[in-house]
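Read off the chains here:
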Amino acid sequence: ACMWFYDFEDGDLNQLLRGSNSQGNNSQGPWPECLWMTGDECARFIRKQVPKDVEIEFMHKHAVDEMISTFDFNRVIIVVNDFDAVQEAPARG
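Our subject in this report is the structure included herewith. (Residues numbered from 1 in each chain as written. Predicted model: local features only at pLDDT ≥ 70, side-chain atom pairs only at ≥ 80, totals over all residues. Heavy atoms only, no water.)

**Some thoughts on the overall build of the protein chain**
- When helices and strands are counted, the protein chain shows two helices and three strands.
- Ordered by position in the sequence, the α and β elements of the protein chain form the string α-α-β-β-β.
- Residue burial in the protein chain is summarised as follows: out of 93 residues, 28% are buried.
- Residue pairs at least 24 apart in sequence account for 36% of intrachain contacts in the protein chain once pairs closer than 6 positions are excluded.
- A total of about 6,700 Å² of accessible surface is found on the protein chain, and carbon and sulfur atoms cover 54% of it. (Helix = DSSP H or I, 4+ residues; strand = E, 2+ residues; numbered from the N terminus. Buried < 20%, exposed > 50% of the residue type's maximum accessible area, 1.4 Å probe, protein only. Contact = heavy atoms within 4.5 Å. Areas by Shrake-Rupley, 256 points an atom, 1.4 Å probe, with all protein chains shown as cover.)

What follows is the structure, given as structure tokens:
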């Protein structure tokens, strides 16, 4: 097994995990904060961070492989399980 360590400065870990800029906004994604939230909670969280013209779509984890493979920067896909828990960090696409 390979292990690595990194000496984080104050705030670096939070910025790395959140993908945020210095103002704490993250309009690009991904949004790891959404992991294990409900789909609706995640959508509300992301809606506060992206422009109004960005479309938020839900997809069941079993349908991900069947999704259309066109990238759309004005779309965020939220992948949920049978219990409506977010399974992957949502991102634009």
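The rest of the description comes next.
**Some details on the side chain of Arg 75**
- Tracing the sequence through the fold places Arg 75 in strand β2 (residues 75-80).
- We note that Arg 75 is buried and unpaired, the nearest opposite charge coming from Glu 57 at a distance of 4.4 Å.
- Separated by 2.2 Å, the side chain of Arg 75 and the backbone oxygen of Gly 93 make a polar contact.
- The contact partners of Arg 75, leaving out residues within four places of it in the chain, are Val 54, Glu 55, Glu 57, Thr 70, Ala 91, Arg 92 and Gly 93. (Lys, Arg positive; Asp, Glu negative; His and termini not counted. Salt bridge = Lys/Arg side-chain N within 4 Å of Asp/Glu carboxyl O. Polar contact = N/O pair within 3.5 Å; in protein donor to acceptor, adjacent residues only side chain to side chain.)

**Remarks on the pairing of β2**
- With six of six residues buried, β2 lies mostly within the body of the structure.
- As judged from the six bridges shared by strand β1 (residues 55-60) and β2, these two strands associate in the parallel manner. Note on β2: the bridge partner recorded for Phe 58 is Ile 78.
- Pairing of β2 with strand β3 (residues 91-92), which is carried by two bridges, proceeds in the antiparallel orientation. Bridge assignment links Val 76 to a residue of β3, and that residue is Arg 92. (Pairing = 2+ DSSP bridges.)

**Side note on the state of the cysteines**
- The final tally for this structure, using the stated rule, is one disulfide.
- Cys 34 shares a disulfide with Cys 42; S-S distance 2.3 Å. One disulfide, between Cys 34 and Cys 42, carries an S-S torsion of 95° and so falls in the right-handed class. The burial state of Cys 34 is the same as that of Cys 42; both residues are buried. (Disulfide = S-S within 2.5 Å.)

**Focus: the nonpolar core**
- Counting residues in hydrophobic clusters, the biggest one holds 12 residues: Trp 31, Cys 34, Cys 42, Ala 43, Ile 46, Val 50, Val 54, Ile 56, Val 76, Ile 78, Val 80 and Val 86.
- Of all elements in the fold, only α2 (39-47) and β2 reach the threshold of two or more residues within this core.
- Look past the residues within four positions of Ala 43 in its chain and what remains in contact with it is Ile 56, Phe 58 and Ile 78. (Core = buried A, V, L, I, M, F, W, Y, C linked by side-chain atoms within 4.5 Å.)

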